[in-house]
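In case you want the letters, here they are:
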Amino acid sequence: MPRWGMAVDLDRCNGCGACVVACHAENNIATVGADEAARGRANHWIRIERYWEGEFPDVRLTFRPVMCQQCGNAPCEIVCPTYASHHTEDGLNAQVYNRCVGTRYCANACPYNARFFNFFNPAWDKPLHLQLNPDVSVREAGVMEKCTFCVQRIRGAQLQARADGGELRDGDIQPACVQSCAVRALVFGDLDDPDSEASRFSRSPRGTRLLEDVGTRPNVTYLARQS
Amino acid sequence: MTYPPAPLVDDGLLRPLVRRSSSPSPPVISSRIDSDLLRPLLLTSSRFYVVAAFFGAFVLAGLVAWISQIYFGFGISGIRRPVYWGFYVTNFVFWIGISHAGTLISAILRLVNAGWRRPVTRCAEAITVFALMIGAMFPLIHLGRPWLAFWLFPYPSERLIWPNFRSPLVWDFFAINTYLTGSVLFLVLPMIPDFAVVRDKSTGLRRRIYRALALGWRGTPRQWHRLETAMQIMAIAIIPVAVSVHTIVSFDFSMAPVPMWQTTIFGPYFVAGAIFSGIAALIIAMAVLRRVLHLEAYLHPVHFENLGKLLLVMALLWGYFVFNERLVTYYGNGPAEMTVFFRTQRDSFAPLYWTMVVCNFVVPLVLIGIRRFRTITGCVLASGAVVVGMWLERFLIIVPSLGAKYLPYSFGTYRPQPVEIVITAATFAAMALLYALFTKIVPIISIWELKAGEHPSPALIPPATEEHRLGELHL
Amino acid sequence: MSAVYGLYPDGRSAQEAVNGLRAAGIADRDIVVVSSQPMEDYEFGHMDKSTGMWWFACLGGVVGMSAGYGLVTVTEASWPMRVGGLPTVAWWPNLIILFEMTMLGAILATIVTFVVSALLSRGRLYDPAVADGAILVGVENAADDWAAVANLTRALRAPPGARVKAL
């Protein structure tokens, strides 16, 4: 059984935001409009956090793409009363929209603020409504949602591999953000396969995990120059 | 079920209450108890309807607000990422806290057989039941899809999936369920003999209704013993349940890895705060009842003084817990914790924080600690401050932590919207309305318990207790 | 003759009436006392005191705890869900459910015992004067024998302030 994970090379990320756009397109994430976005209700399953280091004029700009960290010990899963948030066998932190009653407890428990609430029924600005992905359900008002590591692509690739009678090779599965990253800052793969690219990166001495001290055991590794 | 028969012999004793004069020489006080305490049930002035309509209008507005929130979507509230809990959960914790007034106070005072409790217990237990009903509404109101709330109940469903017993929200469901069941029964049990009194003193439809409510109560020694034993068992059972309820409410916060939430002190801190706000609510309710229903002969300054002293103790305990919580955080000096710490201590939430400290600590200490101010007015003023302060406390536990959770990029804040404010106001109106209606249906002071306290047998009660001292005051 | 009873203004004369009935050969279980408040200061107020309510409450607690145990273990094991790295049947949280169910069981058992043992009693003898503070002492289903009834009436009439009625 694989354990899906991701490695993010912060030294490669240039903050272009292609991953954010790709994620919106792939996962049918509603656009909320300028007013709601100003109130902090824009739902970006992956976001580019932008930090400045140092004092002006000696400033260095760094970017950190943050998505659901697919934690091994996920705080969001424990607190969900209806098992809408639970752990799959392949290490994914799954969200079952139809089971969600909208307590929003999972979002409070998430240290990464990687969970999003549908305040209204989803809507898309024209012509975005013409490019909805048929593999992903849309979420009604009152439901939590979050990055799934593009589980529809994972399952699709697994089914395809089984149909072809072959093995799933490293790199066969690419979540939308990974696929769209021009500088290959994002790498996705099986962490239990010692030869996969993601696995090798996650063991890199440059690697750290986000808020490791909270004890969530994330499956996303951030690689950065150690100063 | 056997109901008592119609009077076997009607010897003219069933006269209207007001003209009743020559019953077989009942004790004088006793007759006054009946007429004083049954008056609100039998006579209703037009002022009552005005008050009921006033509060009813607020409740209606709250209902409209909730329906519009369901209809238009949760977005019309002020909730936003990352502050996903706001006024609703504040109200939930606050009202569940208020509910600790009654059952806990009356159960403890019953167990230690404090004589001065007798006129107080029912007011307190009624607060518990109503506050709990209101508080238990909020998990529903704050749900994204409230029409699916029953998915939290443990029942075998076609979805083949049960609630997650590892979730604090499911613990909440069990705890509130047990507490509400226990509190309602704890309130209703000692009402049965009083229903029998109303049954015997009224006529017509009211008589038929109270005959059903009295459940065939006659008042044999067997019934009295069973009632008192049942009350004793309930009192013993309800105290740990009450403690568990607010501990579990605190677990809603302390089980999540959120700065300033994940702390072991939250259990006792919340329980102490709950009793604190509960006593304050009880003092206010008693003062209003005393004034409106003219119960000056039953609710004496000594009751307010005793409850005021309890309030003072809880204020000190509250201060102690807050100091503990703050000091440990300060010395831990974690970056995430310190962000929240200074947010409340000196940044954006500081005005609210220091208002809370003044309301919860300084005001009670001054108004109740100094004997000259420890009057009914003083106690009520202090209680009002405490209710405000405890509401702020719950708000300040929830919002600043959620708004400053670890990653500075996603910090945020929260501003309540009209829908939340209206619903919050409606809950206070609902409390007042339910309480007003309750006084019209049930004698607000337990008649039989008051009478039972009239004849303290010197052989059974040591002379130096509170009971004896108050017995001389004809309580 | 179905019942004969007296109404007494205070506990003292009620006690005398009870004693009189006993002297007339009536067993305690046939003596009906009705009062508008517990009369624990007097001996007759302690009649029929023994109760198994505490045991039933404990039994209810055990039943509640068992139900809670069954609920958590069966449901968690029958559809194992992995959440947050916790074991499928996690004892710390389950103890909370067990506690609440235990208490609920005890409370409900107490109430059921109370209703069955106190409210579902057969007696029907009552007089609304009780609500005014009178204490009723009487005998229900008294013997049809005229002499015996006269004997009872005499005993009930003896204490001061008595008002005896028969039906």
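For the structure given in this document, a descriptive report is provided here. Just so you know, these numbers come straight off a predicted model, no measurement behind them.

### Observations concerning the interface of chain A and chain B
Here comes step 1: Contact residues are listed per partner, giving 45 residues for chain A and 47 residues for chain B.
Here comes step 2: Carbon and sulfur atoms make up 57% of the surface buried where chain A meets chain B, a total of about 3800 Å² over both sides.
Here comes step 3: By the criterion of area lost to chain B, the three top residues of chain A are A:Arg104, A:Tyr105 and A:Asn108, representing 18% of everything that side buries.
Here comes step 4: Joining chain A to chain B, the criterion identifies one salt bridge.
Here comes step 5: Connecting chain A to chain B are 33 residue pairs in polar contact (both at pLDDT 80 or more).
Here comes step 6: Its residues placed into classes, the side of chain A that touches chain B shows 27 nonpolar, eight polar and 10 charged.

### Some points on the sheet that holds strand 4 (residues 163–166) of chain C
Either a parallel or an antiparallel arrangement is found when strands of a sheet pair, and the pairing is made through backbone hydrogen bonds.
Residue and element names in this part refer to chain C.
Here comes step 1: Strands sit in the order 2-3-1-4 across an open sheet of four strands; the sheet is antiparallel. Of all the strands in the sheet, the pair left with one neighbour each is strand 2 (31–34) and strand 4. When strand polarity is set aside, the average angle formed by the axes of neighbouring strands in this sheet is 20°.
Here comes step 2: Note: strand 1 (residues 3–8) against strand 3 (residues 135–140), six bridges, orientation antiparallel. Bridge assignment links Ala3 to a residue of strand 3, and that residue is Glu140.
Here comes step 3: Against the sheet, helix 4 (residues 146–157) touches strand 1, strand 3 and strand 4, its axis set at about 5° to strand 1.

### Quick word on the interface of chain C and chain B
Here comes step 1: Counting from both sides, the interface comprises 65 residues of chain C and, opposite them, 68 residues of chain B.
Here comes step 2: Where chain C touches chain B, the interface holds one salt bridge.
Here comes step 3: Between C:Asp132 and B:Lys201 there is a salt bridge whose closest N-O contact spans 2.3 Å.
Here comes step 4: Inspection of the region where chain C meets chain B yields 15 residue pairs in polar contact (both at pLDDT 80 or more).
Here comes step 5: Elements with a minimum of two residues in the side of chain C that touches chain B: strand 2, helix 2 (53–78), helix 3 (91–119) and strand 4 of chain C.

### Details of the pairing of strand 3 of chain C
Residue and element names in this part refer to chain C.
Here comes step 1: Burial analysis of strand 3 places five of its six residues in the buried class, the great majority of the element.
Here comes step 2: The sheet contact formed by strand 2 and strand 3 spans four bridges and is antiparallel. Across the sheet, the residue bridging to Val34 is Leu136, located in strand 3.

Conventions we followed
- Counting restarts for each chain: residues are numbered from 1 in the order of the written sequence.
- Throughout, the order in which chains and ligands are written sets their labels, letters from A for the former and numbers from 1 for the latter.
- Restriction of local features to residues with pLDDT of at least 70 applies here, the model being predicted, together with a cutoff of 80 or more for giving and counting side-chain atom pairs; totals for whole chains, interfaces and linings are based on all residues.
- In computing side-chain values, all of the structure's heavy atoms are included and hydrogens and water are not.
- We call two residues in contact whenever any of their non-hydrogen atoms come within 4.5 Å of each other.
- Accessible area, probed at 1.4 Å, shrinks when two parts are joined; the buried area is that loss added up over both.
- We define a salt bridge as a side-chain nitrogen of Lys or Arg found within 4 Å of a carboxyl oxygen belonging to Asp or Glu.
- Within 3.5 Å is the distance limit for a polar contact, defined as a pair of N or O atoms, with the added protein rule that one can donate a hydrogen and the other accept it, and that residues adjacent in sequence qualify only through two side-chain atoms.
- The nonpolar class holds Ala, Val, Leu, Ile, Met, Phe, Trp, Tyr, Cys and Pro. Asp, Glu, Lys and Arg form the charged class, and all remaining residues, Gly among them, are polar.
- Two strands qualify as a pair provided that DSSP identifies no fewer than 2 bridges between them.
- Elements are defined by DSSP. Helices are runs of H or I of four residues or more, strands are runs of E of two residues or more, and each kind is numbered from the N terminus.
- Axes here refer to lines fitted to C-alpha atoms; in helices the fit is confined to the stretch in contact. Angles between the N-to-C directions go from 0 to 180 degrees.
- Relative accessible area decides the class of each residue, using a 1.4 Å probe on protein chains only: under 20% of the type maximum gives buried, over 50% gives exposed, and in between gives partly exposed.

Honestly, that's just the spatial picture; any functional story needs more than this.
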